[in-house]
Amino acid sequence: MKECKHSFIVAVVIFHLFQHTKGLDCSDPTCENEWKSKCNTAGKYWNGVNCVSCPTGYYCQGDGERIGCPKGKYNDQIDQSTDTCQDCKAGTFGNDFGKSSCVTCPAGSYTDQTGQSDCTQCEAGYMCSGGTRTQCAKGTYSVAGMSSCTQCPTGQFNDAAGSSSCTDCPEGTKCVSGIKATCPIGTFSAGATDACTPCSGGTYNTASGQKSCTPCEAGNKCSGGTKSTCPAGTFAKASAETCTTCPPGTYTTSTGQTSCKLCPANKKCGDPTTDPVSCGPNQYAPEGSVTCFECPAGSTCDANGLVTYCAAGEYVKN
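The present account deals with the structure reproduced in this document. In every chain, residue numbers begin from 1 and rise along the written sequence. It should be noted that, the model being predicted, local features are given only for residues of pLDDT at least 70 and side-chain atom pairs only at 80 or more, the latter also being counted only at that level, while totals for whole chains, interfaces and linings use all residues. Side-chain measures were taken over the full set of non-hydrogen atoms in the model, leaving aside hydrogen atoms and water.

### Considerations on the packing of aromatic side chains
- Only Phe, Tyr and Trp rings take part, Trp by its six-membered ring, and two of them pair if their centres are within 6.5 Å. Stacked means planes under 30 degrees apart, edge-to-face means over 60, and tilted covers everything else. The final tally for this structure, using the stated rule, is one aromatic pair.
- On the basis of an interplanar angle of 40° and a centroid distance of 5.6 Å, the ring pair of Y284 and F293 is categorised as tilted.
- Relative accessibility thresholds used throughout: buried, under 20% of the residue-type maximum; exposed, over 50%; partly exposed, between the two (1.4 Å probe, protein chains only). When its relative accessible area of 37% is taken as the criterion, F293 is described as partly exposed.
- In this scheme, Lys NZ or Arg CZ marks a charge over a ring once it lies within 6 Å of the ring centre and within 35 degrees of the ring normal. The aromatic ring of Y58 is capped on one face by R66, whose charged end is 4.3 Å from the ring centroid.
- In this arrangement the basic side chain of R133 is found over the ring face of Y126, its NZ or CZ atom lying 4.6 Å from the centre.

As structure tokens, then:
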């Protein structure tokens with residue numbers, strides 16, 4: 001019997017040594033607390049079986065417990081014995097306890113502060129990518145929750161950064177890539193367009209930012225959207241693109257004329273820009289002449305350019 005007792009004691013010692021080596025599977029709370037209290041090394045904790053290294057996302061103060069980093073914080077080191085949890089950086093978040101790293105905000109959301117457990121939806125007029133919020137530039141826009149800004153459609157614009165929509169281009173302007181520009185002199189627009197239209201022939205304007213062109217007044221020519229007065233020797237009707245040279249036998253010595261004058265009798269109008277020139281002695285010219293003619297033999301010529309032939313038996317005395 002004495003020999004049997006010794007054998008029992010040896011068996012119990014071997015069992016306990018084996019349990020200590022492999023870790024104890026202890027379901028009884030009293031047993032659990034007893035072993036946990038023995039895991040009193042800073043940076044370690046009792047995992048229910050063994051005393052092991054404190055994992056990332058936690059710190060272990062030497063009481064057998066592990067304490068997880070709170071939401072919005074992380075710890076990427078093992079064996080930490082004090083609270084070394086760090087705030088998640090701006091643009092990232094931690095939405096659970098015991099995180100070893102933080103996550104970048106999804107597209108269309110952001111955080112501009114550290115230590116956040118969630119991200120904020122991107123507001124209208126901004127774009128959010130990589131956790132960062134950026135205001136939309138002039139000529140672009142966005143609605144809420146966007147990761148990029150959109151260029152204004154053709155013929156629309158906005159004048160301010162951070163816009164949530166675009167506006168139709170007003171009359172007298174053009175809008176390209178969301179930027180508004182005034183139409184220059186000689187052009188026009190009816191609005192909501194990306195180009196200014198040149199005034200058609202015979203029309204003009206004298207100011208920028210016009211919604212239409214004006215018909216050219218008589219005595220002027222209008223080309224390329226600009227108006228100029230017709231010079232002497234020319235004329236123009238209303239809405240003319242060019243000035244017309246006075247026909248042969250007519251003239252005008254003034255600018256801006258709507259018609260030409262008929263050359264009077266006994267005068268010649270070879271140059272439509274100058275006054276008529278009187279015919280010389282023994283010359284005549286009907287109305288509308290460009291040159292004077294010599295009186296025919298046996299005739300006389302009066303101041304009105306009328307030729308009178310001598311009657312039978314008469315002659316012209318020189």
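### Some words on the state of the cysteines
- Here, a disulfide means two cysteine sulfur atoms that sit within 2.5 Å of each other. This structure, assessed with the given rule, holds 17 disulfides.
- Sulfur-sulfur distance for the disulfide between C136 and C149 comes to 2.0 Å. Between C136 and C149 the disulfide shows an S-S torsion of about -90°. By sign, it is left-handed. Pair noted here: C136 is in the loop between β12 (132-135) and β13 (140-141) and C149 is in the loop between β13 and β14 (150-151), with a separation of 13 residues, a long-range link.
- Classification of C136 as buried rests on a relative accessible area of 1%.
- Under the relative-accessibility criterion, C149 is labelled partly exposed at 23%.
- The disulfide bridge from C230 ends at C243, spanning 2.0 Å between sulfur atoms. In this structure the cystine formed by C230 and C243 twists about its S-S bond by roughly -90°; its chirality is therefore left-handed. Taken together, the residues span a long stretch of sequence, with C230 in the loop between β24 (226-229) and β25 (234-235) and C243 in the loop between β25 and β26 (244-245) at a distance of 13 residues. For helices the rule is a DSSP run of H or I covering at least 4 residues; for strands it is a run of E covering at least 2, with both sets numbered from the N terminus onward.

### Digging into the side chain of T203
- Relative to the helices and strands, T203 resides in strand β21 (residues 203-204).
- With a relative accessible area of 15%, T203 lands in the buried category.
- We call two N or O atoms a polar contact when they sit within 3.5 Å, provided that within protein one can donate a hydrogen and the other can accept it, with sequence-adjacent residues counted only if both atoms are side-chain atoms. Within the structure, the side chain of T203 is placed 2.6 Å from the backbone oxygen of S200, a separation counted as a polar contact.
- Apart from residues no more than four positions distant in its own chain, T203 is found in contact with C213, T214, P215, C216, C222 and G225. We call two residues in contact whenever any of their non-hydrogen atoms come within 4.5 Å of each other.

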